[in-house]
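Now for the letters of each chain:
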Amino acid sequence: MVVWYIWVAIQVALFVLAELIRPKPKLEDAKPAGLGDFQLPTATEERVIPLVWGTCRQKGPNVVWYGDFLQEALTKEIKTGLFSKESQTIGFRYHLGIQFALCRGAIDALRRIWIGDVEVYSSTSILTATINAGGSGYSKNQILLIAGGTFIRQASVRVLRTNASGAITLLELEDRGEYSSFPAGTPSLTGTPGSGANVSITTGTEITHGQQVTVDCPDLFGGEELGQGGVVGTLTLFAGTDTQTAAPYLSSHEIATASPSAGGSGYAVDNILTLSGGTFTFAAQLRVTAVSSGAVTAVTILDPGFYTAFPSSPAATTVTPSGGTGCTVTFTAGVGFQSVNGVTPRYLRTTYLVPSVDPIYLGNSTSVAPWAFEVRRIPNPLGLGTPGVNGNLDSNPANVLVETLINQEWGLRELLADVDTASFSAAASTLATEGNGFSMILDRPIQASELVRLIEEQIDGVVYFDQLVGKWKLKLVRNDYDINAVPLLSTTNVIEVESYSRGAWEDTTNQIAVRFTDRQDQYKETSALAQDQASIDVLQGRVITAEPNYPGVKARALANSLAWRDLRGLSYPLAKAVIVVDRSMFNVAPGQVLAWTYEIGGESFVKMPVRVAEVDYGDLVDGRIRLGLVEDIFQTAAGSFTSPGDTNWEPPDDDLLPFTYQVAFEAPRGLVLRDPDAAGPYEDRLWAAARRRGPEIGFRLGARHAAGSPTGDFVEIGTAVSLALVGRLNAALPRGSAVPLTSLTLIPGPASPA
């Protein structure tokens, strides 16, 4: 019996000795990237600065500067033996300061931010929701709606934890929703089962000049364990005003050197000195490294601080712990990231975002995901009481036209005194009533006249210079006339008909697909369709399609309205003519309606409404005026239509869901004995499995140990990067057999991914 125990002791001693002298695996640390390794979305010196009207999504803003690069090692404890472990660097967190140049300013507000395809900030969404009153009768994983407010899409939460009575103790925001007005106070949660719960919420706000916006998405790219981290940072908006100051982050904002000016008395080594005075986010702090009879003789910089205005040098200090008095410090300021001879660019009339204090955490990869920003700018040179259209999301096209005429930097440089503001203001009122707003980002060089033409096409109007009054005017093509009250064309004033024709049905269009960008649906490219079935029947089923593009349209109701408007004008064969009239028509203007009574080519008409498309006033000697005419479409009946509805399509859900089916148990000794990765036959091993519910690729295991009921925090003990196979047996298992199966066949089903 004694021999047996000695033999076991010898075996254990040999095993321990072998483990101690066994060569340990050499772990290779991850190599950090440098600043030059980063791939930024857009950084082009030659790129034009975009112009923005209305509310638009600015994709791919120009990165005009980046720097302030920081690396932070990610380490993990790796078990190298039975009695040893080693820390390994598995990657790096990267922090980078980036300056995003957006557009020409000044904008009114920043509303939304996307990184990749994910919206990370919205002024119209609920940002956080925390439980205020838990209620009763709720269950884990239940989805509840947040009541109240006026919404396009209602926000919802997921219940993560309840107590024994079903009161909610922990929840998470499932869908942030989209609101025109947010719920007030502590809104209740709706859904069954359960009642009585309500939440405290924080909501998004529009970011204006000088304000900060925080992006807090540390797991945006999958987190640090199984993905590439996320994005966390706070940025300050500079709206592009004429008076904006330089960004403190880009300027000299921290101290570079410091030394005692007056040593004071009563100090000790390792005292902490804080500089007094100045305007700061964080005040600079110094550590006392040497004293002489209580007077400070040397210091080192612990925190250089963050200042928008430095204190005077030498600066007074306060001390921690208290005791010393009278120490002042002489310091020099840092040079700043963009400062030259102490001067930092102010970027007047340029909208940009830059970190507020610290560089942005961008994840663990050197490929920076593309950012996009929704900005709003509503110009108002006409001084309208309500300058915006469609809830102040779109610019009024009349205001945009006037701005284009008078802007001295990029416009036609006309004077406001040379603009007939009465005609533009009247048109603005009509356009606002119609919901005809203009939202466009212009990111390529074009002639100002081309921009005017784009707006004229959208609003169905014409901008012209009235020679009689010497001012620019705007005329909309609308059914706003009495045919018996407009000027008459007849043989008394028509000198010659140069051409006259009426189109054939074969020349018409019976289907219109207006292409536009839908702001309500994450700025997706789509189209609004209008179809004239009567014209299709006339053409024996032949469909003739036109696809006009209106880059200033971002609202689906407006796109639908324009589609039917265009169809009305293109689906009927209208008459066209070029005529010559005498000087009695000297005051005719583009867009004006005339009543034409005439007989030509076997066709006669009385007071046919025609619209002036072109005017050639000729000269006084000749006395002839040439007019291009088009039969006015408003004499035909108008169709009726409704705004297009939602498609009800929802993107696939990529949210991580709690496992419905999961199991964890201690592995049987017989299986541990056969496990090639086990350290020995008596090692404690845990088996765990879970069934996939969504996009999960693995899971983490946590454990906690305490006497009696489990208490305390869970500690991570391992990870698994695969999920349980799900299927059915192809045949029944034999009963009563003591011999384990050598193989097992499962037939996969719809829920069988591993």
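Note that this is a predicted model, so its numbers are computed, not measured.

For the protein chain, the helix and strand inventory stands at eight helices and 46 strands. When the accessible surface of the protein chain is split by element, carbon and sulfur atoms take 54% of a total near 39,600 Å².

Turning to the sheet that holds strand S7 (residues 143-146), a few remarks are in order. Across the sheet, four strands lie side by side as S10-S9-S7-S12; this open sheet has antiparallel pairing. In the strand order of this sheet, the two ends are held by strand S10 (168-175) and strand S12 (189-190), each with one partner. When S7 meets S12, the two strands line up antiparallel, connected through two bridges. By the bridge assignment for S12, Leu145 is matched with Thr190.

Attention now moves to the state of the cysteines. Under the counting rule described, the total for this entry stands at zero disulfides. A disulfide-free cysteine, Cys103 has its sulfur positioned 9.2 Å from the sulfur of Cys56, the nearest such atom.

Next up on the list: the pairing of strand S39 (residues 603-616). With seven bridges connecting them, strand S38 (residues 593-600) and S39 associate as antiparallel partners. By the bridge assignment for S39, Trp596 is matched with Met608. Counting the residues that bridge the hairpin from S38 to S39 gives two residues, and of these Gly601 lies at a positive phi of roughly 55°. Of the strand pairs in this sheet, S39 and strand S40 (residues 625-631) are connected by six bridges, and their pairing is antiparallel. Paired with Val612 across the bridge in S40 is Leu629.

Now for the confidence of the model for the protein chain. In the predicted model, the protein chain carries a mean pLDDT of 85, and the fraction of residues at 70 or more is 84%. Put simply, strand S46 (residues 746-748) is where the protein chain has its lowest mean pLDDT, 60, and helix H3 (residues 397-406) is where it has its highest, 97.

For any two helices packed against each other, one specifies the crossing angle of their axes together with the interaxial distance. Here H3 crosses helix H5 (residues 448-459) at 165°, and the two axes come no closer than 10 Å. If you check the angle between H3 and H5, you find them roughly antiparallel. Read as a crossing pair, H3 and H5 show a hand that is left-handed. Each of Pro397, Val400, Leu401 and Thr404 in H3 lies in contact with H5, whose residues at this interface are Ala448, Leu451, Val452, Ile455 and Ile459.

Together, Val663, Phe665, Leu671 and Trp687 give the surface a local cluster of nonpolar side chains, amounting to about 340 Å² of exposed area. Secondary-structure assignment places Val663 in strand S41 (residues 662-666). Among the residues examined, Val663 registers a relative accessible area of 43% and is labelled partly exposed.

Per the stated rule, a full pass over the model turns up 33 salt bridges. Measuring nitrogen to oxygen at the nearest pair gives 3.0 Å for the salt bridge that ties Arg377 to Glu403. Highlighted residues: Arg377 in strand S26 (residues 371-377) and Glu403 in helix H3, separated in sequence by 26 residues. For Glu403, a relative accessible area of 12% corresponds to the buried category. The structure contains a network of salt bridges with shared partners spanning Asp108, Arg111, Arg112, Glu119, Arg176, Glu206, Glu374 and Arg376.

All right, on to the sheet that holds strand S35 (residues 524-531) then. The strand order across the open sheet built from three strands is S35-S34-S36, with neighbouring strands paired in mixed fashion. Edge strands, defined here as strands with exactly one partner in the open sheet, are S35 and strand S36 (545-546). Bridge count for strand S34 (residues 511-518) against S36 is two bridges, and the pairing is parallel. Bridge assignment links Gln511 to a residue of S36, and that residue is Thr545. Contacts from helix H7 (residues 556-570) reach S34 and S35 within the one sheet, and its direction differs from that of S34 by about 155°.

Our next topic: unusual backbone geometry. A cis amide bond links Gly105 to the next residue, Ala106, at an omega of 5°. For Ala106, the position within the fold is in the loop between strand S3 (85-104) and strand S4 (109-115). A cis geometry characterises the amide bond from Thr320 onward to Pro321, with omega recorded as -10°. Along the polypeptide, Pro321 turns up in the loop between strand S22 (315-320) and strand S23 (328-333). The phi torsion at Tyr347 lies on the positive side, around 50°, for a residue other than glycine. Tracing the backbone shows Tyr347 in the loop between S23 and strand S24 (350-355). Positive phi outside glycine occurs at Tyr523, with the angle close to 60°. In this structure, Tyr523 sits in the loop between S34 and S35.

With that settled, the discussion passes to the nonpolar core. In this structure, Phe100, Leu110, Ile113, Val213, Leu353, Trp371 and Phe373 are the most contacted members of the largest nonpolar core, which totals 30 residues. Of the residues forming this core, the biggest block, five residues, is contributed by S3. Beyond its immediate chain neighbours, meaning those up to four positions away, Val213 contacts Leu110, Ile113, Tyr121, Ile207, Gly233, Thr234, Leu235 and Leu353. Core analysis: the second largest hydrophobic core is formed by 26 residues, Leu384, Leu431, Val452 and Ile455 among them.

A few words on the packing of aromatic side chains. Within the structure shown, the criterion is met by 24 aromatic pairs. Within the aromatic cluster, the residues linked to one another by ring pairs are Phe280, Tyr307, Phe310 and Phe331. The cationic tip of Arg57 hangs over the ring face of Trp114; the distance from NZ or CZ to the ring centre is 4.3 Å.

All right, on to helix H4 (residues 421-434) then. With 14 residues, H4 should reach 20 Å at 1.5 Å per residue; the first-to-last C-alpha distance of 20 Å fits that figure. What H4 keeps buried is the set Ser423, Phe424, Ala427, Ala428 and Leu431. Taken down its axis, H4 places every buried residue within 140° of arc, on the same side. Turned more than 90 degrees off the buried face of H4, the exposed positions are Ala422 and Thr433. Where H4 is buried, its residues contact strand S27 (388-389), H3, H5, strand S30 (461-466) and strand S31 (471-476).

Right, let's get into the environment of Val63. Within the secondary structure, Val63 is located in strand S2 (residues 62-79). Sequence separation between Val63 and Leu353 is 290 residues, and the spatial gap between their C-alpha atoms is 9.9 Å.

Buried residues dominate strand S37 (residues 575-581), accounting for five of its seven residues. In this structure, strand S33 (residues 494-502) lies alongside S37, joined through seven bridges in antiparallel fashion. Paired with Ser499 across the two strands is Val578, which belongs to S37. Bridge count for S37 against S40 is six bridges, and the pairing is antiparallel. Looking at S40, one finds that Val580 is bridged to Arg626.

The subject of this paragraph is the environment of Val469. Summarising the element assignment, Val469 is placed in the loop between S30 and S31. Sequence-wise, Val469 and Asp420 are 49 residues apart; in three dimensions their C-alpha atoms are separated by 9.0 Å.

Further remarks concern the side chain of Asn436. Along the chain, Asn436 turns up in the loop between H4 and strand S29 (440-442). What makes Asn436 buried here is its relative accessible area of 3%. In this structure the side chain of Asn436 is engaged in a polar contact, spanning 2.9 Å, whose partner is the side chain of Gln458. Ignoring sequence-local partners within four residues, the contact set of Asn436 consists of Val389, Pro397, Leu431, Gln458, Ile459, Arg478, Leu558 and Leu562.

Parameters at a glance
Residues numbered from 1 in each chain as written. Predicted model: local features only at pLDDT ≥ 70, side-chain atom pairs only at ≥ 80, totals over all residues. Heavy atoms only, no water. Helix = DSSP H or I, 4+ residues; strand = E, 2+ residues; numbered from the N terminus. Areas by Shrake-Rupley, 256 points an atom, 1.4 Å probe, with all protein chains shown as cover. Pairing = 2+ DSSP bridges. Disulfide = S-S within 2.5 Å. pLDDT = per-residue confidence, 0-100. Axes fitted to C-alpha atoms, helices over the stretch in contact; angles between N-to-C directions. Parallel < 35°, antiparallel > 145°, perpendicular 65-115°, else oblique. Left-handed = near helix turned anticlockwise from the far one by under 90°. Contact = heavy atoms within 4.5 Å. Patch = residues over 30% accessible without salt bridge, like charges linked within 9 Å, V, L, I, M, F, W, Y side chains within 5 Å. Salt bridge = Lys/Arg side-chain N within 4 Å of Asp/Glu carboxyl O. Buried < 20%, exposed > 50% of the residue type's maximum accessible area, 1.4 Å probe, protein only. Core = buried A, V, L, I, M, F, W, Y, C linked by side-chain atoms within 4.5 Å. Phe/Tyr/Trp six-rings, centres within 6.5 Å; stacked < 30°, edge-to-face > 60°. Lys NZ or Arg CZ within 6 Å of the ring centre and 35° of its normal. Expected span 1.5 Å × (residues − 1). Arc of directions from axis to C-beta. Polar contact = N/O pair within 3.5 Å; in protein donor to acceptor, adjacent residues only side chain to side chain.

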